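Results of the structural survey
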Amino acid sequence: MQRKITLEEHEIPTAYYNILADLPKPLDPPLHPGTKQPIGPQDLAAIFPMELIKQEVSTERFIEIPDEVRNAYAMFRPTPLFRAIELERALDTPAQIYYKYEGVSPAGSHKLNTALPQAFYNKQAGIKRLATETGAGQWGSSLSYACNFFGLACKVYMVRVSYDQKPYRRSMIRTWGGEVVASPSTDTASGRAVLQRDRNSTGSLGIAISEAVEDAAGREDTNYSLGSVLNHVLLHQTIIGLEAKQQLAKAGVYPDVVIGCVGGGSNFGGIALPFIKDKIDGKPIRAIAVEPASCPSLTKGEFRYDFGDLAGLTPLLPMYTLGHDFVPPSIHAGGLRYHGMAPIISRLYLDRLIEALAYEQEEVFEAAVLFARTEGIIPAPESAHAIKAALQEAQQAKVEGKKKVILFNLSGHGHFDMSAYDAFFSGALSGSKMVA
Ligand SMILES: *Cc1c(COP(=O)(O)O)cnc(C)c1O
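What you see is a predicted model, and the numbers here were worked out from it, not measured in a lab.

Conventions adopted
Residues numbered from 1 in each chain as written. Predicted model: local features only at pLDDT ≥ 70, side-chain atom pairs only at ≥ 80, totals over all residues. Heavy atoms only, no water. Helix = DSSP H or I, 4+ residues; strand = E, 2+ residues; numbered from the N terminus. Rg over C-alpha atoms; globule rule 2.2 N^0.38 Å. Buried < 20%, exposed > 50% of the residue type's maximum accessible area, 1.4 Å probe, protein only. Areas by Shrake-Rupley, 256 points an atom, 1.4 Å probe, with all protein chains shown as cover. Lys, Arg positive; Asp, Glu negative; His and termini not counted. Charge placed at Lys NZ, Arg CZ, Asp CG, Glu CD. Near = heavy atom within 4 Å. Polar contact = N/O pair within 3.5 Å; in protein donor to acceptor, adjacent residues only side chain to side chain. Nonpolar A, V, L, I, M, F, W, Y, C, P; charged D, E, K, R; others polar. Domains from an automatic or database assignment. Axes fitted to C-alpha atoms, helices over the stretch in contact; angles between N-to-C directions. Parallel < 35°, antiparallel > 145°, perpendicular 65-115°, else oblique. Left-handed = near helix turned anticlockwise from the far one by under 90°. Contact = heavy atoms within 4.5 Å. Buried area = accessible area lost by both parts, 1.4 Å probe. Salt bridge = Lys/Arg side-chain N within 4 Å of Asp/Glu carboxyl O. Pairing = 2+ DSSP bridges. Right-handed = clockwise from strand over helix to strand, strands pointing away. Core = buried A, V, L, I, M, F, W, Y, C linked by side-chain atoms within 4.5 Å.

1. Topic: the overall build of the protein
Across its full length, the protein carries 17 helices and 15 strands. Radius of gyration (C-alpha) of the protein: 20 Å, near the 22 Å computed for a compact globule of 436 residues. For the C-alpha atoms alone, the extent of the protein along its principal axes is close to 60 × 50 × 40 Å. In the protein, which comprises 436 residues, the proportion classed as buried is 61%. When the accessible surface of the protein is summed, it comes to about 16900 Å², and 51% of that surface belongs to carbon and sulfur atoms. Once the 43 positive and 47 negative side-chain charges of the protein are each reduced to a mean point, those two points are 2 Å apart.

2. A word on the site of the ligand
Neighbouring the ligand are 18 residues, the closest being Lys 111, Ser 228, Gly 263, Ser 266 and Ser 411. Note that an oxygen atom of the ligand is positioned 2.5 Å from one of the side-chain N or O atoms of Ser 228. Along the lines of polarity and charge, the residues of the shell around the ligand split into four nonpolar, 12 polar and two charged. Looking at the shell around the ligand, you find at least three residues from each of domain 1 (4–8 + 76–108 + 237–425) and domain 2 (12–65 + 111–231).

3. Regarding the packing of helix 5 (residues 112–124) against helix 11 (residues 231–251)
Helix 11 packs onto helix 5 with a crossing angle of 125 degrees between their chain directions and a minimal axis gap of 8 Å. With respect to their mutual orientation, helix 5 and helix 11 come out oblique. When the axes of helix 5 and helix 11 are compared, the crossing they make is right-handed. Every residue of helix 11 that contacts helix 5 at Asn 113, Thr 114, Pro 117, Gln 118 and Tyr 121 is listed here: His 232, Val 233, His 236, Gln 237, Ile 239 and Ile 240. For the contact of helix 5 with helix 11, the per-class residue count stands at five nonpolar, six polar and no charged.

4. Digging into the domain arrangement of the protein
Splitting the protein by domain gives domain 1 (4–8 + 76–108 + 237–425) and domain 2 (12–65 + 111–231). Once you take the C-alpha centre of each, domain 1 and domain 2 turn out to be 22 Å apart. Tallying the contact residues gives 49 residues for domain 1 and 46 residues for domain 2. For the pair domain 1 and domain 2, the two sides together bury roughly 3900 Å², of which 68% comes from carbon and sulfur. Here domain 1 and domain 2 share two salt bridges between them. The shortest N-O distance in the salt bridge between Asp 417 and Lys 166 comes to 3.5 Å. Where domain 1 packs against domain 2, one counts eight residue pairs in polar contact (both at pLDDT 80 or more). Elements represented by at least two residues in the side of domain 1 that touches domain 2 include exactly helix 11, helix 12 (266–280), strand 12 (302–307), strand 13 (316–321) and helix 14 (343–350). Ranked by residues supplied to the side of domain 1 that touches domain 2, first place goes to helix 11 with seven residues. The class makeup of the residues in the side of domain 1 that touches domain 2 is 27 nonpolar, 11 polar and 11 charged.

5. Here's the deal with the packing of helix 12 against helix 14
Packing of helix 12 against helix 14 brings their axes to within 11 Å, and their N-to-C directions diverge by 50 degrees. By the criterion of interaxial angle, the relationship of helix 12 to helix 14 is oblique. Crossing of helix 12 over helix 14 shows left-handed handedness. In this structure, helix 12 uses Phe 268, Gly 269, Leu 273 and Ile 276 to contact helix 14, whose residues at the interface are Ile 344, Ile 345 and Leu 348. Residues belonging to the contact of helix 12 with helix 14 are distributed by class as follows: six nonpolar, one polar and no charged.

6. Considering the pairing of strand 7 (residues 153–159)
Among the seven residues that make up strand 7, six are buried, leaving the element largely enclosed by the rest of the structure. Both strand 6 (residues 129–134) and strand 7 contribute to a ladder of six bridges, which runs parallel. Paired with Leu 130 across the bridge in strand 7 is Cys 154. As a crossover connection, the stretch from strand 6 through helix 6 (residues 138–150) into strand 7 is right-handed. Pairing geometry for strand 7 and strand 8 (residues 179–183), over five bridges, is parallel. Residue pairing for strand 8: Val 156 is matched across the bridge by Val 180.

7. Structural notes on unusual backbone geometry
Both trends apply: most residues other than glycine have a negative phi, and most peptide bonds are in trans. A cis geometry characterises the amide bond from Arg 77 onward to Pro 78, with omega recorded as -5 degrees. With respect to the helices and strands, the residue Pro 78 is situated in the loop between helix 3 (67–73) and strand 4 (81–83). Look at the link from Ser 183 to Pro 184: it is a cis peptide, with omega at 10 degrees. Following the sequence through the fold, Pro 184 ends up in the loop between strand 8 and helix 9 (189–197). The phi dihedral of Lys 36 falls on the positive side, at around 65 degrees, and the residue is not glycine. Along the chain, the position of Lys 36 falls in the loop between strand 2 (15–17) and helix 1 (41–44). One non-glycine residue, Arg 352, adopts positive backbone phi at about 55 degrees. In this structure, Arg 352 sits in the loop between helix 14 and strand 14 (355–359). Overall, the relative accessible area of 73% leaves Arg 352 in the exposed class.

8. Quick notes on the nonpolar core
One finds Tyr 73, Leu 116 and Leu 407 to be the most contacted residues of the largest nonpolar core, which totals 72 residues. Top contributing element to this core by residue count: helix 11, with seven residues. Both of domain 1 (4–8 + 76–108 + 237–425) and domain 2 (12–65 + 111–231) provide at least three residues apiece to this core. Ignoring anything within four residues of it in the chain, the contact list for Tyr 73 reads Ile 12, Tyr 16, Ile 65, Leu 112, Asn 113, Leu 116, Pro 117, His 236 and Ile 239.

Listed below in C-alpha cells is the structure:
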C-alpha cells in the first residue's frame, strides 16, 4: 500500500478549471457600493490588472496557466497526496482517507497558489508594487514571497493585534523582502482617522483592507491584492483539486466525499470545484465545507448582498454573510475569521451542490492532535476543521460497514500556531471564546 502519491513537475496542470462555465445558475453581479448598480471592469481597473479582472468574469472552462507561473509553482508543486494509513488504522475504519498536503509550500499553506499568479499578472501589467492586508499573517507572508519571486515591492498592513501576537509571521514577511506595518497605521488617511479616534486601536481586517485599498488607489505603480473570496482566487486554487484528481486516478480510486475548511472559501473551492464539475455532470459525489462554530457564515448566515469589509468600501457581493459588522471572537483558527463567504461557494450552497458543517474549537484540536500522533504532520488549526469532518465520515463508514473514499485538503501546517496547541493542552480552550 502506497503512503504517498506523487506527480512529476511536468504533470503540474497547464490550465485552471473555471466553474463559472458550468454553474447551473450564474452568479449575481457585484454591485457598486455607492450606486448599487452592477460594476464593470473599469470600476476595478484602479486596483487590479486587467488580466485578473478578465478572469474574475470569464466563463471559459479552462484558463491557461502561464509558463512563468508553472515554473514558479515547480518550487513546491506538485504537492503530495497522502493515504492516511496510520489514521485509518487508529480509527479501525473500512474507509480510505486521502489528504492533499499544501503545507509543503515555502509559506506553509495553499495561499501561494494564488499569490504567485497575482504577482505575475501585475508584473506583466507594469505594476511595481502590491499592497495588501493580512490578519494572522498567512496571506501577507505568501504575497511577500510571490512579490520577491517576480521582483515586485510588497506592502502589508497587518492587523495590530496579530502584529503584536504573531511576531514570526511578520518576520517571514520581512525575510522575503516585504514591508509590514501594524494597522491602523499612520501611513494612510483611513489609518490616521482610526488612530485619532482611538490611539490604542487593536485594528481589524476591515480597517486593514481600507488602508491597503487606499494605498493602491492612490499610487500609479501600486495595485491591491486579495487572498481569498474572489472568483479569480478560487480559480487559481483549483490547481489543488486538478492535481488531486490525477493522483487519485493513479491510486485507482475516485472520492465519495471531498472536504475542506472554509474561511473565505478558497482552499475548499480549490480542492472541491474540479469534483463538483463531475457532480454537475451526474456523479454522486459529496462536498463538505467546514467552518468554526464561532464564525458560521454558511450554517448560520444569510444569503444576500453584503460588503467585503467593515467600512463598506468594497463592492457588494452576493454571499452568505453574518453581516459586515460581525466581529468574530479571536479564535485560534485566525484564517477562518471572515464574516462572508466566496460568492461561488455561496451559490453552490444555495443550490445544494455542497454541504456545510460547523465545529467547536475543542473538538477540532482533538482531531488535530490525533492526526499529528498518527500521520505526523502538525496541522494548521484551520485545516484541522477539515480533519474533524474527515474523522466523522470515517467513523460513519465504520458504523455502516462502507468502504468509502474520503479526500480532504490539508491546507497548511501549524508550526506558527503552537501557542494554540499549548492552550489546548492546558485546558484553556473553552468553547470558542479563548483569546491567544
Ligand atoms: C487562510 C487559510 C485558510 C482559510 O482561507 P480560505 O480562503 O477559506 O482557504 C485555511 N487554511 C489555512 C492554512 C490558511 O492559511
